[in-house]
Amino acid sequence: VAREDSVLLLPVAGSSTQWYKNLRMNPTLKLKAGSSAFVGEANLLTDKADVQEVVKMFTVKYGDKDMKQYYTILDVAVQLKLK
């Protein structure tokens, strides 16, 4: 989801998600959406309150049903600041 100058990502299996594990080793993240691409350093969010804020934003955007169906672990999130 987008928030101000950032994109917030929620790994579907939380900290067990492979791309999240890769970011822990190398936080450089390239995000492509349509014809736009953004490269930056990922900010890994592990604070419970920060993660819950992202979960709430995803729930508002995608609904409870999709959240329960697709997101099995909600222990981390990722922020990419757009430049």
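Residues numbered from 1 in each chain as written. Predicted model: local features only at pLDDT ≥ 70, side-chain atom pairs only at ≥ 80, totals over all residues. Heavy atoms only, no water.

1. Details of the pairing of strand E4 (residues 36-41)
Here is the rule: For two strands to be treated as a pair, DSSP must find at least two bridges joining them. A helix here means a DSSP run of H or I that spans at least four residues, while a strand means a run of E at least two residues long, and both kinds are numbered starting from the N terminus.
Inspection of the sheet shows strand E3 (residues 28-33) paired to E4 by six bridges, in the antiparallel sense. Directly across from Leu31, in E4, lies its bridge partner Phe38. The turn linking E3 back onto E4 is made up of two residues, and Gly34 within it adopts a positive phi angle of 65°.

2. Quick word on the environment of Lys21
Heads up, the condition is: The contact rule is simple, with two residues in contact once any of their heavy atoms fall within 4.5 Å.
For Lys21, the location among the structural elements is in helix H1 (residues 18-25). Non-local contacts of Lys21, meaning those with residues more than four positions away in its chain, are made with Ser15 and Ser16.

3. With respect to unusual backbone geometry
Convention followed: Per-residue accessibility, obtained with a 1.4 Å probe over protein chains only, is compared with the maximum for each type, and a residue is labelled buried under 20%, exposed over 50%, and partly exposed between these values.
One non-glycine residue, Glu4, lies in positive phi territory at about 50°. Here Glu4 is to be found in the loop between strand E1 (2-3) and strand E2 (6-9). Glu4 gets classed as exposed once you look at its relative accessible area, which sits at 80%.

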